[in-house]
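Chain by chain, the residues:
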Protein chains: 2
Amino acid sequence: MNDSKTRDRKTSVWLVEDNAMFSMGVRRAVDSLGGMQCAGCYPTAEAAFAALDQETPPDVILLDVQLPGIDGITALQTFRKRVPEARVIILTVFDDADKIFRAVCAGAAGYVLKSSGIDRIGDAIRQVMDGGAPMTPEVAKKVLDAFSRIEPTLDRDSMEDYHLTERERDILRLMADGLLKKEIAQALDISVHTVSTHMRRVYGKLHVTTNTGAVAKALREGII
Amino acid sequence: MNDSKTRDRKTSVWLVEDNAMFSMGVRRAVDSLGGMQCAGCYPTAEAAFAALDQETPPDVILLDVQLPGIDGITALQTFRKRVPEARVIILTVFDDADKIFRAVCAGAAGYVLKSSGIDRIGDAIRQVMDGGAPMTPEVAKKVLDAFSRIEPTLDRDSMEDYHLTERERDILRLMADGLLKKEIAQALDISVHTVSTHMRRVYGKLHVTTNTGAVAKALREGII
DNA sequence: ACGGCCGTCGCATGATCGTGTGACTAGACG
DNA sequence: CGTCTAGTCACACGATCATGCGACGGCCGT
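Calculation criteria
- Residues numbered from 1 in each chain as written.
- Chains lettered and ligands numbered in written order.
- Predicted model: local features only at pLDDT ≥ 70, side-chain atom pairs only at ≥ 80, totals over all residues.
- Heavy atoms only, no water.
- Pairing = 2+ DSSP bridges.
- Helix = DSSP H or I, 4+ residues; strand = E, 2+ residues; numbered from the N terminus.
- Axes fitted to C-alpha atoms, helices over the stretch in contact; angles between N-to-C directions.
- Contact = heavy atoms within 4.5 Å.
- Near = heavy atom within 4 Å.
- Polar contact = N/O pair within 3.5 Å; in protein donor to acceptor, adjacent residues only side chain to side chain.
- Nonpolar A, V, L, I, M, F, W, Y, C, P; charged D, E, K, R; others polar.
- Salt bridge = Lys/Arg side-chain N within 4 Å of Asp/Glu carboxyl O.
- Core = buried A, V, L, I, M, F, W, Y, C linked by side-chain atoms within 4.5 Å.
- Buried < 20%, exposed > 50% of the residue type's maximum accessible area, 1.4 Å probe, protein only.
- Arc of directions from axis to C-beta.
- pLDDT = per-residue confidence, 0-100.
- Parallel < 35°, antiparallel > 145°, perpendicular 65-115°, else oblique.

Draft legend 1. Layout of the sheet that holds strand β1 (residues 11-16) of chain B. All names here are of chain B. Here we have five strands laid out as an open sheet, ordered β2-β1-β3-β4-β5, and parallel in their pairing. Looking at which strands have only one partner, the edges of the open sheet turn out to be β2 (36-42) and β5 (110-113). Each neighbouring strand pair of the sheet contributes to a mean axis angle of 25°, computed without reference to strand direction. The strands touched by helix α2 (residues 45-52) within the sheet are β1 and β2, with β1 carrying the most contacts at an inclination of about 145°. In the packing of helix α3 (residues 72-82) onto the sheet, contacts are made with β1, β3 (60-64) and β4 (87-92), and the angle to β3 comes to roughly 165°.

Encoded structure:
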């Protein structure tokens, strides 16, 4: 979609952090780096929300999870709804597994420990703008562990679906993610024509004639 | 407990990969690095399983997910059952979110894209042996995306919806019924242009850019 | 009375999609 | 050995969609 590498505008960063001392340090660090700029600095989530109505939304939000007033996770959820295109990086001193779990569930784009040092924050910002998800290896490990723990209900088959092949379900899934055929083709490294062929067959099996119909049916019937 | 840095034995690595060309490249890369050794190289999961009965199990398994015969994910599950102590690193060209999701759910220790280059594989092996979870930033992003998708609703009650107008929801509903814009216009006895306008605004509020994306989001979030 | 939101309509352009048609490969099954 | 299925790719045509732009009347709140 967007080629962040060739962007001509500076990455706009908001900082939501109650500790004034730390806040100032981060702000200066961000501003001193090329390609990014701290466009807003708020001590509470409430203040940041209010600013959303006034200012132009940022590209990246650095969010401290332990804030006075609105909880950090809650704030994250609100940010995700009001500015989904903004990438939120959690900034905290805790590497508590449960906090990480809830943060990523809420749609955090990255999870950076304050103890990692201020200089790491710049890296994290660049990474999220390049589509990556900055995480320390320890955090990544905790994420995967949590993943394999919640696995229980993935093999709920038994119900006869519409005899879709695995490949057809793949394409359908990506369709339901809002991707264009072209993008699906790129994601699966196949030709757009092939994607079309698969979708054509899906239409037949699902007895629909439009992409929206197929996605809706798939979602409602739990095919994907 | 065990200090992997001062281990006196080389890390034993198995490679399960059908592409002989790539396979050989990885093998040489691994062997050329210090502290690890490619102890086995199998073109299929079946072959690797058979070897499990004969050879001593490896510390790390590099597993291509797109294998002839047994599916990569299935193979991963089997490995996890038969040699739980072995750390499995998924090696693939796909960065399909669903595949990644199922892989990590099945207990993958890491997920490395082939496109990242062979040299990254050595890093990944060291990382898993140090208890980390190697992931390319792109993969990490997809993992987080999948995460935030499986637990979408923690609020369900208090949270506001996307401020969709009643009319906009009408159009969205009909979209989710698989109707074309033209048909929606007829059904509501308005102009196609009006339908377009509504959908355009829905896109903005839902932060999507395709009809399928809008329908999927609406369905998943219970907007309609 | 004025601004803001909602619903409506229009147009134009380029991208995307649906569909008919055809074809090749690899593996599975008998 | 044929036959079938799944997956792949290609081309072409018309239909449909996304999007930027502009516009108008109605209703509501202050």
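So that's the structure; there's more coming.
Draft legend 2. Layout of the protein's contact with DNA strand D. Neighbouring residues of DNA strand D: 17 residues in total, closest T165(A), S191(A), H198(A), R200(B) and Y203(B). For DNA strand D, the backbone portion of the atoms within 4 Å of the protein, that is sugar and phosphate, comes to 62%. T165(A) is positioned with one of its side-chain polar atoms (N or O) 2.4 Å from a phosphate oxygen of DNA strand D. Taking N211(B), its main chain carries an N or O atom lying 2.9 Å from a phosphate oxygen of DNA strand D. It is helix α9 (residues 192-206) of chain A that contributes the most residues to the surface near DNA strand D, five residues altogether. When the residues that make up the surface near DNA strand D are grouped by side-chain class, the tally is three nonpolar, nine polar and five charged.

Draft legend 3. Representation of the pattern of salt bridges within the structure. Residues and elements named next belong to chain A. One pass over the full model with this rule turns up 14 salt bridges over all chains. Of the charged contacts, one joins E17 and K114 as a salt bridge, the two residues approaching to 3.0 Å between their closest N and O atoms. Residue E17 is found in the loop between β1 (11-16) and α1 (20-32), and its partner K114 is found in the loop between β5 (110-113) and α5 (119-129); the two are separated by 97 residues along the sequence. What you see here is one network of salt bridges that share partners, running through E17, D64 and K114.

Draft legend 4. Representation of the nonpolar core. Of all hydrophobic cores here, the largest spans 66 residues; its most connected members are L63(A), F79(A), I61(B), L63(B), F79(B) and I90(B). If we skip the residues at most four places from it in the chain, I90(B) touches L63(B), V65(B), L76(B), A103(B), A108(B), G110(B), Y111(B) and V112(B).

Draft legend 5. Highlighting the side chain of R87(A). You can see R87(A) is positioned in strand β4 (residues 87-92). A polar atom in the side chain of R87(A) sits 3.4 Å from the backbone oxygen of V128(A). Residues within four places of R87(A) in sequence aside, it is in contact with D59(A), V60(A), I61(A), A109(A), V128(A), G131(A), G132(A) and K141(B).

Draft legend 6. A look at the environment of R80(A). Residues and elements named next belong to chain A. The residue R80 is located in helix α3 (residues 72-82) in this model. Residue class for R80 comes out partly exposed when judged on its relative accessible area of 27%. Dropping the residues within four chain positions of it, R80 is found in contact with A86, A106 and G107.

Draft legend 7. Layout of helix α8 (residues 181-188) of chain A. Looking only at α8(A), the buried set comprises E183(A), I184(A), A185(A) and L188(A). Against the buried residues of α8(A) lie α7 (166-176) and α9 of chain A.

Draft legend 8. The arrangement of the protein's contact with DNA strand C in detail. The local shell around DNA strand C holds 18 residues, among which Y203(A), T165(B), R167(B), S191(B) and T194(B) are the closest. When atoms of DNA strand C within 4 Å of the protein are split into backbone and base, the sugar-phosphate part holds 58%. Contacts to DNA strand C include S191(B), whose backbone N or O atom sits 2.6 Å from a phosphate oxygen. Mapped by element, the contributors of at least two residues to the surface near DNA strand C are α8 and α9 of chain A together with α9 (192-206) of chain B. In terms of residue count, α9(B) provides more of the surface near DNA strand C than any other element does, six residues in total. Taken together, the residues of the surface near DNA strand C sort by class into three nonpolar, nine polar and six charged.

Draft legend 9. Local environment of α3(B). Where α3(B) is concerned, the buried positions are G72(B), I73(B), A75(B), L76(B) and F79(B). When α3(B) is viewed along its axis, its buried side chains cluster within an angular range of 160° and face the same direction.

Draft legend 10. Just the confidence of the model for chain A, in detail. All names here are of chain A. Averaged over every residue, the pLDDT of chain A is 80; the share at 70 or more is 85%. Overall, residues 1-8 carries pLDDT values under 50, and its contacts beyond four positions in sequence, including any with other chains, amount to six contacts. pLDDT under 50 marks residues 150-160. Its contacts with residues more than four places away, or in other chains, come to seven contacts.

Draft legend 11. Geometry of the packing of helix α8 (residues 181-188) of chain B against α9(B). Residues and elements named next belong to chain B. Where α8 meets α9, the closest approach of the two axes is 8 Å, and the angle between their N-to-C directions is 110°. Regarding the angle of α8 to α9, the classification is roughly perpendicular. For the pair α8 and α9, contact is made by K181, K182, I184 and A185 and by V192, V195, S196 and M199, respectively. Among the residues making up the contact of α8 with α9, the classes are represented as five nonpolar, one polar and two charged.

Draft legend 12. Fine view of the environment of A75(B). Residues and elements named next belong to chain B. Among the structural elements, A75 can be located in helix α3. Residues A75 and A106, 31 residues apart in the sequence, show an inter-C-alpha distance of 9.7 Å. Apart from the residues within four sequence positions on either side, A75 is in contact with A45, F49, L63 and I70.

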